[in-house]
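Chain and residue survey
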Amino acid sequence: MTAAEQPLRLGTRASQLALTQSQHVADALTAATGVPVELVHVSTYGDRSTEAITLLGGTGVFVTALRDALLQRTVDLAVHSFKDLPTAPAPGLTVAAVPPREDPRDVLVARDDLTLGELPAGSRVGTGAPRRMAQLRALGLGLEVVPIRGNVDTRMGRVTSGDLDAVVLARAGLARLDRLSAVTEVLDPIQVLSAPAQGALAVECRSDDTRVRELLAVLDDPATRDCVAAERAVLAALEAGCSAPVAAHAELAEGEDGAAELYLRASVTALDGSDGVRGSITGPAAAAESLGRELAAELLDRGAAALMAASR
C-alpha cells in the first residue's frame with residue numbers, strides 16, 4: 001500500500017456527537033482528497049468523569065488524551081469541538097483546518113413546547129455550562145438553574161421524564177445529530193450569548209506532518225477561522241478557561257471598501273447573575289485577534305476580572 005492509499009487515523013472521543021462530527025470531517029476529507037480515513041476512539045478524562053464541568057480541573061479535560069495520541073503518533077489527526085480547546089498553543093501541534101461552522105446560538109428544549117419567557121417562575125432548567133447558568137440567572141425570570149452532565153439525549157431525557165422543565169443546549173450539536181425537531185426556542189444572543197468558538201470544529205495534527213497539513217487545508221474556512229480567532233482572543237486576554245462565564249460571538253460582513261469587516265460581541269456575567277459587562281467592537285477581519293484583545297481590555301476596565309473571580 002502506498003502512502004497515498006494508507007488510511008489516515010482520525011482520533012475522536014467516543015460520544016455520539018463527537019463521532020458524528022468526526023465522521024463528517026472524515027467523509028469531507030475523503031471526498032475532497034480521495035484519501036481514506038478511519039476513526040480511532042480515544043477516551044478522555046472529561047468523558048470518564050461524572051463531576052460537574054466546574055470541578056473537572058480547568059480547560060483541556062476533553063482534549064488532552066487526543067493530543068497525547070497525536071504526539072505519540074497513534075493517530076494522524078484529531079477533531080475537537082473548538083470551544084473545548086485551551087487558548088494556549090500546544091507545542092508540536094497545529095490546528096490545520098477550521099471547517100465552516102454551524103449556527104453557534106444556544107437553544108431551549110422545554111416541556112409542552114414552552115419558550116424561555118413562558119416557563120413559570122421556579123421552573124428547573126438544566127445546563128452544564130457556567131456561562132449559560134450565569135446568563136439565565138441574569139435574565140431575572142426566577143428560574144432554578146440546575147447543573148447537569150451527560151450526552152445530548154441524556155440531557156433531553158431529563159425533560160421528557162419530568163425531572164427538569166427544560167434544558168439549554170448548543171444548536172450546533174442538535175443540528176449535527178438531527179435533533180432540531182426537539183427545539184422549542186432558539187435563544188436570542190441578546191439574552192444568551194454563545195461561548196467563544198461554539199459551533200466550530202478544530203482539526204488538529206502534528207506541526208511537522210506536512211502531508212496531513214496539506215490534505216487538511218482543503219477543509220479550512222477562512223471566514224470561520226477569523227471569527228473564532230477573534231472570539232478566542234477575548235477568552236485568552238481575559239485569562240479565562242472554557243468553563244468561565246465568558247461569551248463571545250463574531251460575524252463577518254462586507255465593509256464599504258469591499259474588505260471583510262468583523263463585528264464582535266462579548267460578555268462576562270457573574271455566576272449568580274447579579275452583575276455583568278457586555279461590549280462590542282468592529283474592525284477589519286484581518287485584525288481579528290487584535291480586535292478580540294481590545295474588546296477584552298475594555299471588559300477588564302469595566303470590572304470583568306472581579307466577576308470572573310467571584311465565579312470561581
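Use the structure listed above.
Being a predicted model, the structure only gives us computed values, none of them experimental. (Residues numbered from 1 in each chain as written. Predicted model: local features only at pLDDT ≥ 70, side-chain atom pairs only at ≥ 80, totals over all residues. Heavy atoms only, no water.)

1. Thoughts on the nonpolar core
Our working rule: Note on terminology: a nonpolar core comprises buried Ala, Val, Leu, Ile, Met, Phe, Trp, Tyr and Cys residues joined through side-chain atoms within 4.5 Å. The buried label applies to any residue whose accessible area, calculated with a 1.4 Å probe on protein chains only, is under 20% of its type's maximum; exposed applies above 50%, and partly exposed to all values in between. Secondary structure elements are defined from DSSP: runs of H or I of at least 4 residues count as helices, runs of E of at least 2 residues count as strands, and each element is numbered from the N terminus.
Ranked by size, the top nonpolar core spans 26 residues in total, and within it Val234, Leu238, Ala240, Val246, Leu262, Leu264 and Val268 carry the most contacts. Per element, the largest residue contribution to this core is 5 residues, and it comes from helix 9 (residues 288-301). If you look at the next biggest cluster of nonpolar residues, it comprises 18 residues, including Leu10, Leu29, Leu77 and Val212.

2. A look at the sheet that holds strand 12 (residues 260-269)
How we decide: Only strands joined by at least two bridges in the DSSP assignment are considered to pair. Helix axes are fitted only over the stretch in contact, all axes being lines through C-alpha atoms; the angle between N-to-C directions runs from 0 to 180 degrees. Residue contacts are counted whenever heavy atoms from the two residues lie within 4.5 Å of one another.
Pairing is antiparallel across the open sheet formed by 3 strands, whose spatial order is 11-12-13. Of all the strands in the sheet, just strand 11 (246-254) and strand 13 (276-284) have a single pairing partner and so form its edges. The sheet shows a mean angle of 15 degrees between the axes of neighbouring strands, taken without regard to direction. Here strand 12 pairs with strand 13 via 9 bridges, running antiparallel. Following the sheet pairing, Leu264 is matched in strand 13 by Ile281. Relative to the sheet, helix 4 (residues 130-138) contacts strand 11, strand 12 and strand 13, its axis offset from that of strand 12 by approximately 75 degrees. Against the sheet, helix 9 touches strand 12 and strand 13, its axis set at about 150 degrees to strand 13.

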